[in-house]
Amino acid sequence: MSQPEKETQGSGEGKTQDMAIFSPPVVRSGAGALNRALFTKTINLAAAAVNDNRHISKYRKELEHSKELLRQDRLSPIVNHPDKTLADQGKKCLLLSPSVKAPEPDTWGTALKEGVEKKELSVIPYELQLNYDYWSYHDVISSILPEELHDDIPSGFNTAGHVAHMNLRERYIPYKKVIAELILDKTQNIRTVINKVDNVGAESEFRTFQYEVLAGPDDMQVQVTENNCIFEFDYAKVYWNSKLEAEHRRLINMFEPGEVVCDVMAGIGPFAVPAGKKGVFVWANDMNPESNKYMQVAINRNKVSQYVRPFCQDGRTFIHHAADSVLEAHNAGEHVLVAPKPPSRAKKAPKPEPKRVDIPPTISHFVMNLPATAIEFLGCYRGVYAGHEDLFKDGKLMPMVHVHCFSFKADDETPRNDICERITKYLGFKVKPGNPDVEGEVAVHDVRDVAPAKRMFCASFRIPREVAFAKRD
């Protein structure tokens, strides 16, 4: 186990070698507790003591231009004078590059020499003290882990409010407590670090997972903000993935105010609630009662109850139920009244009447964000609009389905062909990659990596008329 160390400046053999002196001490402490006291280091530098603080800005610019000023992440080059008496008088120093040595004037540049000749500067030794708080997570963990584990140091994790959710590989498990303590110390707003101990969905149809707390309290009640909406939930009881925010936004941007969206596997509402906020009607379903509960919390918290309707059903039956329910709501004249923006104070116009927005008779988009199995639900679109061909006359487009799925990670067409083959199998209609507005063609969007050889995709296509108008079983 290494002790706190003191290191002198390098020999000037190059910038890389000079800057290496700012690395933390190597502390191969094994998988034991994190000993923060071992991360202490004294670095001998040179400093330009400024005799008159009015000259600090001038010499900072000049020394920066001549590359003699210290430039190091998270370190200010302006420090108090090391002499306490002078420091109490407010005297300051400018830290210099490790290549500059106080007792060796031949290492000084022109700006430094001129400042000394004018008696505006003096070059003095300076002991820079660094401790655990200075170094980053990556700095510290690199000094702890053996070199054979440096090729893939754990650094990425999902967050849900104050919880950091890791999925550590087996070879890093012996260091899990140290890694968690470091994340807690070095990541703002994180209070709890957990590690997943099974695959999402392996033991729960609701995509929840078993976990162990590595650091901090076992407090999974979190609050997150995404796409200008606030969500509160128990992370142990519902599914949430912070890495999907961009995908949520991408689809939400496709939805137009006044349309109807059916979110078949809605979770706690990351598609549904922001869509409702932009004036989209959403029939939002999730089979997990806990997800349904927290979705209702989000609907009320974000004031979208007139647009978003929560359901707790099996997605297979919900597809037909949603199509029938939307048509019933339309036929019953259900609508919302949208208050227009009030006129400016300068205008003394009468207050405008609220605008009535009727619920349309048909669904414009179906969202199916259950990538492990959602494709297997596609047969449920058969007969979704059986007997209602009249709703799609005069060129009205059929509903667009957005189904998330997993496939191979490859640069060629292999993933797209694989996805289309599976859609064909379960939909009962031949499809191929192409333009989603053309019947029988599918647009496949690359969402994100989920494993070294596995990616998440979103396949979008319009329900073929043959499928939508087929007789229901």
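Residues numbered from 1 in each chain as written. Predicted model: local features only at pLDDT ≥ 70, side-chain atom pairs only at ≥ 80, totals over all residues. Heavy atoms only, no water.

Visitor: How do you make sense of the pattern of salt bridges when you look at a structure like this?
Guide: Side-chain pairing between opposite charges can occur once the charged atoms of the two side chains come close. Across all of its chains, the model carries 24 salt bridges by this definition. Salt-bridge contacts for Asp-139 lead to Arg-74; the nearest nitrogen and oxygen are separated by 3.1 Å. Here Arg-74 lies in the loop between α2 (56–65) and β3 (78–80) and Asp-139 lies in helix α5 (residues 137–144), a separation of 65 residues in the sequence. Among the salt bridges present, the one from Glu-247 reaches Arg-250, with a minimum N-O distance of 2.8 Å. Of this pair, Glu-247 and Arg-250 both sit in helix α7 (residues 245–252), separated by three residues, roughly a single helical turn. The network of salt bridges with shared partners includes Lys-409, Asp-446, Asp-449 and Arg-455. (Salt bridge = Lys/Arg side-chain N within 4 Å of Asp/Glu carboxyl O. Helix = DSSP H or I, 4+ residues; strand = E, 2+ residues; numbered from the N terminus.)

Visitor: What is the right way to look at the packing of aromatic side chains in this model?
Guide: Each aromatic ring pair is specified by the distance between its two centres and by the angle formed by the two planes. Counting across every chain of the model gives twelve aromatic pairs. Measuring from centroid to centroid gives 5.7 Å for Phe-209 and Tyr-235, while their planes differ by 75°, and the two rings are edge-to-face. Placement of Phe-209 in the loop between β8 (192–196) and β9 (211–215) and of Tyr-235 in the loop between β11 (229–234) and α7 is noted, with a sequence separation of 26 residues between them. Residue classification places Phe-209 among the buried positions, given a relative accessible area of 9%. Centroid distance Phe-311 to Phe-318: 5.2 Å. Interplanar angle 50°. Geometry classified as tilted. Take Phe-318: its relative accessible area is 0%, and that puts it in the buried class. Sitting over the ring of Tyr-134, Arg-74 keeps its end group 4.7 Å from the ring centre. One residue, Arg-316, lies across the ring of Phe-377, its end atom 4.0 Å from the ring centre. (Phe/Tyr/Trp six-rings, centres within 6.5 Å; stacked < 30°, edge-to-face > 60°. Buried < 20%, exposed > 50% of the residue type's maximum accessible area, 1.4 Å probe, protein only. Lys NZ or Arg CZ within 6 Å of the ring centre and 35° of its normal.)

Visitor: Would you mind going over the environment of Val-403 with me for this structure?
Guide: Following the sequence through the fold, Val-403 ends up in strand β18 (residues 400–408). Separated by 96 residues in sequence, Val-403 and Tyr-307 place their C-alpha atoms 23 Å apart. Once residues within four sequence positions are removed from consideration, Val-403 is found in contact with Met-368, Ala-374, Ile-375, Phe-457, Cys-458, Ala-459 and Phe-461. (Contact = heavy atoms within 4.5 Å.)

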